[in-house]
Amino acid sequence: MPDKRIGIHAGAPNAEASLDLTRRAEVAGVQATWLTTGGTGLDALTLFAAAAVQTDNILFGTSIVPTYPRHPIVVAQQVQVLDQLAPGRLRLGVGPSHRPTMRSMFGFDLRSPLTNLSEYLQILRALLHEGSVDFDGEEYTAHASIPRPVNIPVMASALQEGSFELCGAEADGAISWVSPAVYLRDKALPAMRRGSDQAGRETPPLIAHAPVCISTDVGATRAAVQQQLSNYPRLPFYQRMWAAAGHPEAAEETWSDGMIQATVLTGDADAVGERMVAMLDMGIDKLLVTPVTAGDDAADDMEQTIQLLGKVAQSL
């Protein structure tokens, strides 16, 4: 499986805990660590700057940096620092985030999220990959240059077929979240191919971001998912995605057993590992997992997940 990689979301209650998780993941053989910037939570790019000087080889990825609160030139400033501290180790993922969050917290309207994302990608890719940008669009203006190009992939979040198609045409990759494997196979990958074909370019990679829960206790798994991932079935965009994947019950704004089975990689360690490999085998390029802890000892659950990811990564 050339170029196949396993990564872990290194979210934690504080910066030191996130850095510790990243260091442990590298020792275990996990190939990448990812972070999300959301709400008033810790900033992923700042955390990665600290991680860059505490690690040697592990890759860093943002899944995602929201576009609306941060101009793409500002992101390019941060990216240059990271590339100098850890050359070639950053994968930048950006996206418009969720309308309720952007509206309630920042006051952004999100009238045209795909237009916003397209312009953001054009600016970032031009400035980072070519060293300069001159852009006047509907949502952004950007005229700037940097001392030297930065060769890192600029990827984007995707949920509906339209956003996967946009990623196929304009991004260096697409990053999903809580999308069932069959949805990625039957909807996302074909949409990315349509976009890349129309743009006359090779189809970029798909990074599947999936929850993982190492547990054979169905009740405990259900409770953990309902508690730790409760927000997503309440959001209309996600409801439509699950409906397209064969789960219209998502409209009830809660996780059904069918949605959990289709979306969360769960079971004992061997079963979870097999499902990871199966996802990679269906055409997904990289797998990013967020641990869902269902046992009485969350730290032990996390360590078990890290060790499993390292084992699977080394087998690829």
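Residues numbered from 1 in each chain as written. Predicted model: local features only at pLDDT ≥ 70, side-chain atom pairs only at ≥ 80, totals over all residues. Heavy atoms only, no water.

**Student:** Any details on the overall build of the chain? Residues and values, ideally.
**Tutor:** When helices and strands are counted, the chain shows 12 helices and 12 strands. Against the globule reference of 20 Å for 316 residues, the chain gives a C-alpha radius of gyration of 19 Å, in line with a compact fold. Expressed as lengths along the three principal axes of its C-alpha atoms, the size of the chain is roughly 55 × 45 × 40 Å. Taken over 316 residues, the chain has a buried fraction of 53%. The long-range share in the chain, meaning contacts at least 24 apart out of those at least 6 apart in sequence, stands at 70%. Taken as a whole, the chain presents about 13300 Å² of accessible surface, with 49% of it coming from carbon and sulfur. Of the side-chain charges in the chain, 23 are positive and 36 negative, and the distance between the mean point of each set is 3 Å. (Helix = DSSP H or I, 4+ residues; strand = E, 2+ residues; numbered from the N terminus. Rg over C-alpha atoms; globule rule 2.2 N^0.38 Å. Buried < 20%, exposed > 50% of the residue type's maximum accessible area, 1.4 Å probe, protein only. Contact = heavy atoms within 4.5 Å. Areas by Shrake-Rupley, 256 points an atom, 1.4 Å probe, with all protein chains shown as cover. Lys, Arg positive; Asp, Glu negative; His and termini not counted. Charge placed at Lys NZ, Arg CZ, Asp CG, Glu CD.)

**Student:** Tell me about a nonpolar patch on the surface, residues and numbers included.
**Tutor:** Residues Val53, Val81 and Leu85 make up a contiguous nonpolar surface patch of about 250 Å² in total accessible area. Position of Leu85 relative to the elements: it lies in helix H3 (residues 72–85). With a relative accessible area of 39%, Leu85 lands in the partly exposed category. (Patch = residues over 30% accessible without salt bridge, like charges linked within 9 Å, V, L, I, M, F, W, Y side chains within 5 Å. Salt bridge = Lys/Arg side-chain N within 4 Å of Asp/Glu carboxyl O.)

**Student:** Just give me the short version of the packing of aromatic side chains, but keep the residues and values in it.
**Tutor:** Inspection of every chain in the model, using the stated rule, returns seven aromatic pairs. Between Tyr120 and Tyr140, the aromatic rings sit 5.5 Å apart at their centres with planes inclined by 75°, giving edge-to-face as the arrangement. On the criterion of sequence distance, the pair formed by Tyr120 in helix H5 (residues 113–130) and Tyr140 in the loop between strand E6 (132–136) and strand E7 (141–145) is long-range, its members being 20 residues apart. Each member of the pair Tyr120 and Tyr140 is classed as buried. (Phe/Tyr/Trp six-rings, centres within 6.5 Å; stacked < 30°, edge-to-face > 60°.)

**Student:** Explain the nonpolar core to me, and be specific about the residues and the numbers.
**Tutor:** Ranked by internal contacts, the top residues of the largest apolar core, which has 95 residues, are Leu92, Phe164, Met276 and Leu287. It is H5 that contributes the most residues to this core, eight residues altogether. Residue contacts for Phe164: discarding those within four places in its chain leaves Ala158, Leu159, Ala174, Ser176, Tyr183, Leu184, Ala188, Ala191, Met192 and Leu206. Ranked by size, the runner-up nonpolar core spans seven residues in total, among them Trp34, Leu59, Met155 and Ile175. (Core = buried A, V, L, I, M, F, W, Y, C linked by side-chain atoms within 4.5 Å.)

**Student:** An account of unusual backbone geometry is needed here, citing residue identities and associated values.
**Tutor:** With an omega dihedral of 10°, the bond running from Ser63 to Ile64 counts as a cis peptide bond. Considering the arrangement of structural elements, one finds Ile64 in the loop between strand E3 (59–62) and strand E4 (65–66). Of note, the phi angle at Val178 is positive, near 45°, even though the residue is not glycine. Given a relative accessible area of 0%, Val178 falls into the buried group. Of note, Glu253 is a non-glycine position whose phi angle comes to about 70°, a positive value. Within the secondary structure, Glu253 is located in the loop between helix H9 (236–244) and helix H10 (257–263). Overall, the relative accessible area of 43% leaves Glu253 in the partly exposed class.

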